[in-house]
Amino acid sequence: MSTPSALPRGFYCEHTPAKSRVFALVDHPAGPHTMHAVLTCKDAGLAQRVAQLLTAALLHGQGPDLHTEACKIVTALPDAPGASFRDALEHAVQGTWPIAPQPPATGQAVKNDRHDPIDTSGDRNARTPSQARLGDLSGPVVRTIQLLEVHVHDPARLLAAATATGWQPLDDDDLDEDDPRDIVGAVMHFADDDTMPGTDIVTQSMHAALLRLQQGDEVADWSSKPVTANFGTGWRLTAAQDAPAPEPDFAQLFPAQQECSCQEEDCEICQDWELTPRTADVLYLSLSMLADQAYDDVLDHGDVPVTRTGEDWFLFRSLPRITWRCGAVWRRQFARAFDDLAGDLETGEWPIPRTTAEELALHLAIRLAPAQKEMLDEQDEHAELPERADDYDWHMCSQLFFQDHDVLMLYDNGLDGIESDSDANRELGLGHTLHPTNWFTPFNSGRPVRDETRGFRR
């Protein structure tokens, strides 16, 4: 007959002036936690090291570093406590603790008395009725959802520890083919526990949100929608993606055209305007900053409409009012317009808009450019770019980058409805190009359509 086992929860010290004792806190499946003596020694510091090492062995198992430290402790201990330490270390590594069989009557009595005999459910129901909906509760309700990913590096140790605390695997008929020992069930058994022998936590994250009636939230038992949580992308992937990319070398991307000093009115060389490295650098910063603001708005507000009094918007409140009720998908597409135009500059091309969304995005970037120039003037990298006569000519940018400026009419309150079948629309022959649903339709400009498979920056 095998010796019954339980789960050690941790190792602790008791110190007196004369000696120190190390105890194991053990969890019995049929009774309360009990303290088991491990060893006694006169060195309080050494006893503390013993407790710390045994706890580490319980949590993380055997390893080269732990073995090295254990050898040091055995050498420092007298023979008798050293032998006790080796036995305890073996049990801690296995994740189980041998216990003596208990008389059935005593075990059952203890089991029946494990929980608080005082019934306080009436107090709880008075404050928080079990069948209450969100609107029935007097205080705020916070929903928390935890993400826990566990690497089971020693399945046998995990299963032994779970069994020692009363867990039983699913019946064979209920097990998955790829999990014949019910590893998933054993992990779930320990999900709310600090001790999970044979495992390492890979990811531990928590999502929390305040439930709001005005947004259609409801407590889970009454919710018509599944309870979900967005933990975002993996932080390591996000960190890799967010690692600063090399800044474009605009001096190489926009080399100087043939120079001429005659300054004659009919000289074709003098009349040619060029997009200079410094101008490109400022526009690139403007587009990148506006893209960041747009994506932040999507993350913060989602589908929530913009309002006249909304002051916590970074970008979308500066768009024409006809866009204020557009949803998160539309807003992400508009945010990408900034990225696409910045991408043109990264490849040495003029940022020529290919959609109505890109037209307005470029207008916003040019409007922001003077302020961005002041920021870049303080940076050595910008000052090292070659200086040209056409630097910072925002008027020429507005003249040469656009087919027309029709999109700016959307800001004119006197032209409300210009995007639809109004008299002004028909008179100007605009069609439906200014309606927000058509802002991402490519122009018939002969320029290649954007790569739709590239996806969004975030």
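See the structure printed just above.
Visitor: Help me out: how do you make sense of the overall build of the protein in this one?
Guide: When you go through the protein residue by residue, the secondary structure sums to 16 helices and 6 strands. Within the protein, the fraction of its 458 residues that count as buried is 35%. Nonlocal contacts in the protein, meaning residues at least 24 apart in sequence, comprise 69% of its contacts between residues at least 6 apart. Summed over all atoms, the accessible surface of the protein reaches about 27500 Å², with 51% contributed by carbon and sulfur.

Visitor: Got a minute to help me understand the sheet that holds strand S2 (residues 20-27) in this structure?
Guide: Either a parallel or an antiparallel arrangement is found when strands of a sheet pair, and the pairing is made through backbone hydrogen bonds. The strand order S3-S2-S1-S4 describes an open sheet built from 4 strands, whose pairing is antiparallel. A single partner strand is all that each edge strand has here, and the edge strands are strand S3 (34-41) and strand S4 (97-98). Pairing geometry for S2 and S3, over 7 bridges, is antiparallel. Opposite Val22, over in S3, you have Leu39 as the bridge partner. Its contacts with the sheet place helix H3 (residues 79-94) against strand S1 (5-15), S3 and S4, and it is angled at close to 140 degrees to S3.

Visitor: Sorry, what's going on with helix H13 (residues 356-376) here?
Guide: Think of an α-helix as 3.6 residues a turn; residues three or four steps apart then line up on the same face. In a regular helix each residue adds 1.5 Å, so 21 residues correspond to 30 Å; H13 covers 29 Å between its end C-alpha atoms and thus fits that length. The sharpest bend along H13 reaches about 45 degrees and sits at Ala369, with the proline Pro370 one to four residues further on.

Visitor: Explain a negative patch on the surface here, please?
Guide: There is a patch of like negative charges on the surface, built from Glu247, Glu346, Asp380, Glu381 and Glu384. Along the chain, Glu346 turns up in helix H12 (residues 328-346). Assessed through its relative accessible area of 39%, Glu346 is described here as partly exposed.

Visitor: Looking at this structure, I do not really get the pairing of S2. What am I missing?
Guide: The two faces of a sheet get side chains in turn, since along a regular strand they alternate between them. In terms of residue burial, S2 counts as a mostly covered element, since 7 of its 8 residues are buried. As paired elements, S1 and S2 share 8 bridges and run antiparallel to each other. Each bridged residue has a counterpart across the sheet, and for Tyr12 the counterpart in S2 is Phe23. Taking the residues that link successive antiparallel strands as the turn, the S1-S2 hairpin has 4 residues.

Visitor: Would you mind showing me how to read the side chain of Ser20 here?
Guide: By the secondary structure assignment, Ser20 is in strand S2. Of note is the side chain of Ser20, whose polar atom sits 2.7 Å from the side chain of His15. Those residues in contact with Ser20, other than ones at most four positions away along the chain, are Glu14, His15, Leu39, Thr40, Cys41, Asp43, Ala44 and Ala47.

Visitor: I'm lost on the packing of aromatic side chains in this one. Help?
Guide: One pass over the structure, following the stated rule, counts 13 aromatic pairs. Judged by centre distance (5.6 Å) and plane angle (75 degrees), the rings of Trp273 and Trp350 are edge-to-face. Of this pair, Trp273 sits in the loop between helix H10 (268-271) and helix H11 (277-301) while Trp350 sits in the loop between H12 and H13, and the two are 77 residues apart along the sequence. Using a relative accessible area of 10% as the deciding quantity, one classes Trp273 as buried. Judged by relative accessible area, Trp350 falls into the partly exposed class, the value being 30%. Residues Phe334 and Phe338 carry aromatic rings whose centres are separated by 5.4 Å and whose planes lie at 90 degrees to one another, so their mutual orientation is edge-to-face. Of the two residues, Phe334 and Phe338 both sit in helix H12, 4 residues apart, roughly one turn of that helix. Of the residues examined, Phe334 reaches a relative accessible area of 0% and is grouped as buried. It is Arg331 that lies over the ring of Phe316; its NZ or CZ is 5.8 Å from the centre. Sitting over the ring of Tyr392, Lys373 keeps its end group 4.8 Å from the ring centre.

Rules and cut-offs
Residues numbered from 1 in each chain as written. Predicted model: local features only at pLDDT ≥ 70, side-chain atom pairs only at ≥ 80, totals over all residues. Heavy atoms only, no water. Helix = DSSP H or I, 4+ residues; strand = E, 2+ residues; numbered from the N terminus. Buried < 20%, exposed > 50% of the residue type's maximum accessible area, 1.4 Å probe, protein only. Contact = heavy atoms within 4.5 Å. Areas by Shrake-Rupley, 256 points an atom, 1.4 Å probe, with all protein chains shown as cover. Pairing = 2+ DSSP bridges. Axes fitted to C-alpha atoms, helices over the stretch in contact; angles between N-to-C directions. Expected span 1.5 Å × (residues − 1). Bend = angle between axes of the 7 residues up to and from the residue. Patch = residues over 30% accessible without salt bridge, like charges linked within 9 Å, V, L, I, M, F, W, Y side chains within 5 Å. Salt bridge = Lys/Arg side-chain N within 4 Å of Asp/Glu carboxyl O. Lys, Arg positive; Asp, Glu negative; His and termini not counted. Charge placed at Lys NZ, Arg CZ, Asp CG, Glu CD. Polar contact = N/O pair within 3.5 Å; in protein donor to acceptor, adjacent residues only side chain to side chain. Phe/Tyr/Trp six-rings, centres within 6.5 Å; stacked < 30°, edge-to-face > 60°. Lys NZ or Arg CZ within 6 Å of the ring centre and 35° of its normal.

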